[in-house]
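Chain residues, written in single-letter form:
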Amino acid sequence: MIENKKKPNPIDIHVGSRIRLRRTMLGMSQEKLGEALGITFQQIQKYEKGTNRVGASRLQNISSILNVPVSFFFEDAPGDNTTGASGMAEASSSNYVVDFLSSSEGLQLNRAFVKIADPKVRRKLVDLVKALAAEAEAE
């Protein structure tokens, strides 16, 4: 017997992961996003995994709630050939940012950093992190 399980489309998986990324960046729960959309958190889970495809009007609502343009969900999408050869470095650095913000530490660091209002303090913090990284490399 042949299984007829349809695999999620890579674009649906990508859009879902970007929804999850933005939602977690804002510190919003799946439940809160679901409430704002009038759907269950289980449906949000299915969107984020790419199991269920997000319709155009729903994606527009999500972009409004998460305060990003709809295009945010398609940045670095698989099969996106709009960037030329020079765009490859940009894409990998963008993936690095997504990976960083997807980690618990990266998310915590980002949330705390943006709360620092004084630009001089922020600059000193960046210098400290660079110094610690250089020290770790030297060992």
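Attention in this report is confined to the structure presented alongside it. (Residues numbered from 1 in each chain as written. Predicted model: local features only at pLDDT ≥ 70, side-chain atom pairs only at ≥ 80, totals over all residues. Heavy atoms only, no water.)

A word on the overall build of the chain. Broken down by element type, the chain carries 7 helices and 0 strands. Secondary structure elements of the chain occur, N-terminal to C-terminal, as α-α-α-α-α-α-α. Taking all 139 residues of the chain together, 23% fall into the buried category. For the chain, contacts bridging at least 24 residues in sequence account for 57% of all contacts bridging at least 6. Element-wise, carbon and sulfur atoms account for 56% of the exposed surface of the chain, whose accessible area totals about 10000 Å². (Helix = DSSP H or I, 4+ residues; strand = E, 2+ residues; numbered from the N terminus. Buried < 20%, exposed > 50% of the residue type's maximum accessible area, 1.4 Å probe, protein only. Contact = heavy atoms within 4.5 Å. Areas by Shrake-Rupley, 256 points an atom, 1.4 Å probe, with all protein chains shown as cover.)

Ranked by size, the top nonpolar core spans 15 residues in total, and within it Ile 19, Ile 62, Leu 66 and Phe 73 carry the most contacts. For this core, the secondary-structure elements that each account for two or more residues are helix H1 (10–25), helix H2 (30–37), helix H3 (41–49) and helix H4 (56–65). A total of 3 residues in this core trace back to one element, the largest contributor, which is H1. Other than its neighbours up to four places away in sequence, Ile 62 contacts Ile 19, Leu 37, Val 54 and Phe 73. (Core = buried A, V, L, I, M, F, W, Y, C linked by side-chain atoms within 4.5 Å.)

Here the focus is the environment of Met 28. With respect to the helices and strands, Met 28 occurs in the loop between H1 and H2. Along the chain, Met 28 and Leu 66 lie 38 residues apart, while their C-alpha atoms are 9.0 Å from each other.

Looking now at the side chain of Arg 22. Relative to the helices and strands, Arg 22 is located in helix H1. A distance of 2.8 Å separates a polar side-chain atom of Arg 22 from the backbone oxygen of Leu 66. Non-local contacts of Arg 22, meaning those with residues more than four positions away in its chain, are made with Leu 66, Asn 67, Val 68 and Phe 72. (Polar contact = N/O pair within 3.5 Å; in protein donor to acceptor, adjacent residues only side chain to side chain.)

Next up on the list: the side chain of Ser 63. Checked against the element boundaries, Ser 63 lands in helix H4. Other than its neighbours up to four places away in sequence, Ser 63 contacts Val 68, Pro 69, Val 70 and Phe 73.

Here we take up H2. Burial in H2 covers these residues: Gln 30, Leu 33, Gly 34 and Leu 37. Looking straight down H2, one finds that the buried residues subtend no more than 100° of arc, so they occupy a single side. Opposite the buried face of H2, at more than 90 degrees from it, the exposed residues are Lys 32 and Glu 35. The inward-facing, buried residues of H2 abut H1, H3 and H4. In the segment just after H2, Gly 38 is the residue with positive phi, at about 75°. (Arc of directions from axis to C-beta.)

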